[in-house]
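# Understanding the architecture of this molecule
Here is how the chains run, residue by residue.
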Amino acid sequence: MNRIEKSGEGPKLAKIFIYLVLALLAVVILVPVAWVFVASVKQNSEFYGNPWTLPQGLYFQNFADAWQKASMDEYMVNSVIVTAVALVLLIVIALPAAYVLARFPFKGRAVFQALFMAGLFINVNYIVVPIFLMLNDVDMVIRKIFGAPFLLNNLFILALVYAATALPFTIYLLSGYFKSLARDYEEAAYVDGAGYFYTMIKVILPMAKPSIVTVILFNFLAFWNEYIISMTLLTKVELKTMPVGLMNLMAAQKSAVEYGQLYAGLVIVMLPTLILYMCVQKKLTQGMTLGGLKG
């Protein structure tokens, strides 16, 4: 009996340790986020005392000031356009590519898989300068022909760069999920006379919804919060995205020292990602557990 009791204590202690670690991680993540939300409704004078005190009132004027002074309404529209276009391009390109790589053998398949795998290890921030120089060189030629540049300061081109840099991870994840699906459904569709494209659209993609939602969420977070590429390729003020607008707000607050407006700007940037995560949390969990990360 003692041996059985002792053998049962080990898993219990392991579970307790895991729960304690998870609780600690949750506190480390949630406390700073909650503090930003609380600080966003404080008046500036309240920041000079104890930073952990609750606000005396809800000062929502911080959001209006941040929205107007940093032109974050324009930056919000730009970020929505860039993120939406990039996601559409990414899904339209990555889904067929991942499906073909996962399901159909062809010459050069191993080479393509190796190239996409190699793309996983490339940090996009390290190739921003070559991308800029390449686009600038082409723009010089376009300027000579048409009298105006086209590739730089173009929201669609920025979205295209985002989609291209996200292809390796997206194809890797989707192809792994497609490999985990049974072939019986496809074979039944082929027997009924369905073609490859129709089978992919009507049979495979509905089954892959959890994995597609996972891809959309991960890439939405990456595109929405991206700063370096956007700052490099977009030099016109009216074309800046939300992260660049937030940096402009921080630069403006260095002399004014309006901390409430600064934290209100942080909340404006964070809020869309938090709302999206809450909406797709269940699908995201399914996508991570139903084989989406299997190779």
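Residues numbered from 1 in each chain as written. Predicted model: local features only at pLDDT ≥ 70, side-chain atom pairs only at ≥ 80, totals over all residues. Heavy atoms only, no water.

A separate point is the packing of helix α6 (residues 155-180) against helix α9 (residues 209-225). Between α6 and α9, the least distance of the axes is 10 Å, while the angle of their chain directions is 155°. Here α9 runs roughly antiparallel to α6, going by the angle between their axes. Both α6 and α9 take part in a crossing whose hand is right-handed. Counting all contacts with α6, which are made through Tyr162, Ala163, Ala166, Phe169, Thr170, Leu173, Leu174 and Tyr177, the residues of α9 involved are Pro210, Ser211, Ile212, Thr214, Val215, Phe218, Asn219 and Phe223. (Axes fitted to C-alpha atoms, helices over the stretch in contact; angles between N-to-C directions. Helix = DSSP H or I, 4+ residues; strand = E, 2+ residues; numbered from the N terminus. Parallel < 35°, antiparallel > 145°, perpendicular 65-115°, else oblique. Left-handed = near helix turned anticlockwise from the far one by under 90°. Contact = heavy atoms within 4.5 Å.)

Let's shift gears to helix α2 (residues 61-69). Looking at α2, one finds that the buried residues are Asn62, Asp65 and Ala66. What you see down the axis of α2 is that its buried residues fit within an arc of 95°, all on one side. Of the residues trailing α2, Ser71 is marked for its positive phi of about 55°. (Buried < 20%, exposed > 50% of the residue type's maximum accessible area, 1.4 Å probe, protein only. Arc of directions from axis to C-beta.)

Next up on the list: the packing of aromatic side chains. For the coordinates displayed, the defined rule picks out 12 aromatic pairs. The interplanar angle of 80° and the centroid separation of 5.5 Å between the aromatic rings of Tyr190 and Tyr196 together place this pair among those described as edge-to-face. Given a relative accessible area of 29%, Tyr190 falls into the partly exposed group. You can call Tyr196 exposed: its relative accessible area is 56%. (Phe/Tyr/Trp six-rings, centres within 6.5 Å; stacked < 30°, edge-to-face > 60°.)

This part takes up the nonpolar core. The biggest cluster of nonpolar side chains holds 56 residues, and the ones touching the most others in it are Leu174, Phe178, Ile229 and Met242. Where this core is concerned, the elements lending two or more residues are α3 (72-103), α5 (128-146), α6, α8 (196-207), α9, α10 (228-233), α11 (242-256) and α12 (259-289). Aside from chain neighbours lying at most four places away, what touches Phe178 is Leu95, Ala98, Tyr99, Ala102, Arg103, Ile204, Leu205 and Ala208. (Core = buried A, V, L, I, M, F, W, Y, C linked by side-chain atoms within 4.5 Å.)

Here the focus is the pattern of salt bridges. Summed over the entire model, instances satisfying the criterion amount to one salt bridge. Arg103 is the partner of Glu186 in a salt bridge, and the nearest nitrogen-oxygen pair spans 2.9 Å. In this pair, Glu186 is assigned in helix α7 (residues 184-191) and Arg103 in helix α3, connecting sequence segments 83 residues apart. For the pair formed by Glu186 and Arg103, the shared burial category is buried. (Salt bridge = Lys/Arg side-chain N within 4 Å of Asp/Glu carboxyl O.)

Right, let's talk about the packing of α7 against α8 for a bit. Contact geometry of α7 with α8 gives a least axis separation of 10 Å together with a crossing angle of 145°. You can see that α7 and α8 cross each other, and the crossing is right-handed. When α7 is examined against α8, the residues Tyr185, Glu186, Ala189 and Tyr190 are found in contact with a partner set consisting of Tyr196, Thr199, Val203, Ile204 and Met207. Taken together, the residues of the contact of α7 with α8 break down into seven nonpolar, one polar and one charged. (Nonpolar A, V, L, I, M, F, W, Y, C, P; charged D, E, K, R; others polar.)

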